[in-house]
Amino acid sequence: MSEARNYFRDVETLDNGNVEAAYARWAPIYDLTFDVLLKPGRRAAAAAASGARGPILDVGVGTGLELPLFSRHTQVVGVDLSEPMLRRAAQRVRRERLDQVAGLVKMDATRMAFPDATFACVVAPYMLTVVPEPQAVLDELARVLRPGGEIVLVNHVSGKDDAVALFEAWLDRHMAPKLGWRPQFPWSIIGDWIDRNPQMKLVERRPLAPFGLFTLTRIERVSAERNECAKSAPLELALA
Ligand SMILES: C[S@@+](CC[C@H](N)C(=O)[O-])C[C@H]1O[C@@H](n2cnc3c(N)ncnc32)[C@H](O)[C@@H]1O
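Basis of the calculations
Every chain begins its residue count from 1, and numbering advances along the sequence as written. This being a predicted model, a pLDDT of at least 70 is required before a residue's local features are given, and a value of 80 or more before pairs of side-chain atoms are given or counted; all residues contribute to the totals for chains, interfaces and linings. Processing note: side-chain calculations cover all non-hydrogen atoms of the structure and skip hydrogens and water entirely. A run of H or I in DSSP counts as a helix once it spans at least four residues, and a run of E counts as a strand once it spans at least two, with each numbered from the N terminus. The classification of residues rests on relative accessible area computed with a 1.4 Å probe and restricted to protein chains. Under 20% of the type maximum is buried, over 50% is exposed, and intermediate values are partly exposed. Throughout, a contact is declared for two residues whenever any of their heavy atoms are within 4.5 Å. Two strands pair under a simple rule: DSSP has to find at least two bridges between them. We call a set of buried residues a nonpolar core when its members are Ala, Val, Leu, Ile, Met, Phe, Trp, Tyr or Cys and they connect through side-chain atoms within 4.5 Å of each other. Patch construction takes residues with relative accessible area above 30% that form no salt bridge. Like charges are linked within 9 Å, and nonpolar side chains (Val, Leu, Ile, Met, Phe, Trp, Tyr) are linked within 5 Å. Accessible areas in this description were obtained via Shrake-Rupley with a 1.4 Å probe; residue shielding takes into account the shown protein chains only. Salt bridges are counted wherever a side-chain nitrogen of Lys or Arg sits within 4 Å of a carboxyl oxygen of Asp or Glu. Angles shown run from 0 to 180 degrees and are taken between the N-to-C directions of axes, each axis being a line fitted to C-alpha atoms and, for helices, limited to the stretch in contact.

Participant: Please clarify how the overall build of the protein should be interpreted in this entry.
Facilitator: Helix and strand counts for the protein come out as 8 helices and 7 strands. Across the 240 residues of the protein, 54% fall into the buried class. Put simply, of all contacts in the protein between residues at least 6 apart along the chain, 74% involve residues at least 24 apart.

Participant: What exactly am I supposed to notice about the pairing of strand β6 (residues 200–208) here?
Facilitator: Consecutive residues of a regular strand have side chains that alternate between opposite faces of the sheet. By the bridge criterion, 8 bridges tie β6 to strand β7 (residues 214–221) in an arrangement that is antiparallel. Bridge pairing in β7 links L208 to F214. Following β6, the chain reverses through 5 residues before pairing antiparallel with β7; F211 in that reversal takes a positive phi of roughly 60°.

Participant: Sorry, what's going on with the nonpolar core here?
Facilitator: One recurring pattern in soluble globular proteins is that nonpolar side chains are buried together. In this structure, L57, V59 and L141 are the most contacted members of the largest nonpolar core, which totals 68 residues. In this structure L141 touches V59, M112, V122, A124, I151 and L153, once residues within four positions along its chain are discounted.

Participant: Mind showing me how you'd approach the side chain of T215 here?
Facilitator: Checked against the element boundaries, T215 lands in strand β7. Residue contacts for T215: discarding those within four places in its chain leaves L153, V154, N155, V157, R205, R206, P207 and L208.

Participant: Which parts of the structure should I look at to understand the environment of D139?
Facilitator: Here D139 shows up in helix α6 (residues 134–144). For D139, a relative accessible area of 42% puts it in the partly exposed group. Spatially, the C-alpha atoms of D139 and R111 are 9.9 Å apart, while their sequence positions differ by 28 residues.

Participant: Could you clarify how one ought to interpret a nonpolar patch on the surface in this entry?
Facilitator: Taken together, the side chains of F167, W170 and M175 present a nonpolar region at the surface, about 300 Å² in accessible area. Mapping W170 onto the fold places it in helix α7 (residues 163–179). Overall, W170 belongs to the partly exposed group, its relative accessible area being 41%.

Participant: Where do I start with the sheet that holds strand β5 (residues 145–156) in this structure?
Facilitator: What links the strands of a sheet is backbone hydrogen bonding, and the strands pair in either a parallel or an antiparallel sense. Reading across from one edge, β3-β2-β1-β4-β5-β7-β6 is the order of the 7 strands in this open sheet, with mixed pairing throughout. Lying at the two open borders of the sheet, with one neighbouring strand each, are β3 (101–106) and β6. Across the sheet, the mean angle separating the axes of adjacent strands is 15° when strand polarity is ignored. Bridging between strand β2 (residues 76–80) and β3 involves 5 bridges; their strand directions are parallel. Bridging from a neighbouring strand, V79 pairs with V105 of β3. Relative to β7, helix α8 (residues 188–196) is tilted by about 10°, and along the sheet it contacts β5, β6 and β7.

Participant: Which parts of the structure should I look at to understand α6?
Facilitator: Owing to its 3.6 residues per turn, the α-helix aligns residues three or four sequence positions apart on the same side. With 8 of its 11 residues buried, α6 lies for the most part within the structure. Residues of α6 that are buried include every one of P134, Q135, V137, L138, E140, L141, A142 and V144, and no others.

So far we have only geometry, and geometry alone does not tell us how the molecule works.
Set out below in structure tokens:
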């Protein structure tokens, strides 16, 4: 059985209900636990998005730790499934006067309320491993992305058949619902999805600190007309 099929066989270990419950528990201690550890990936994602010629969507924005890292000249919309995490993001936006944040909205990343081709760039730092259906999320990220734009992912990608991979598989079976994420995440989840979508092209796959534990992945939605997003309209959305 392929890595990706193995992964989906175990998909019942995580659903939106236990993800929401897990992040309600994480919210008060999330920044203390994950601010410094996950900062290199957030910086890399924000840097990759800095060239976007239009609005940026941050999917799974959480408590908004990456929001101050986006240039003040960008326009960022954050979405998340967890209200307690979003409340903290909203406090951060007010406290740090983050004018680049155009809105924060509760949404499920597999069914977003945005029209097709709304955003010039879609970032999802440390998000894909926490959802039950990562390929359904990728479909949705591609739908809201303008031609010529990029999806920027940061997440852990599992190694193959070493002791760490075996430990991750064990953690995955026993701990995923409590943790609210899946420690095991084979590259084929992303790789197979790109192969199935001819309009999507892998631009970069790069290991990140600490210890190459995480991977930055940039995927372009190929435009019939190069740089189509450069000519795109600004964001016009009614956001809360
Ligand atoms: C590990 S946190 C990452 C938060 C932030 N991006 C960061 O770098 O700290 C993952 C976030 O994804 C959110 N999430 C999980 N499933 C989601 C879904 N289906 N739709 C939107 N957000 C989701 C969680 O609520 C959580 O806030």
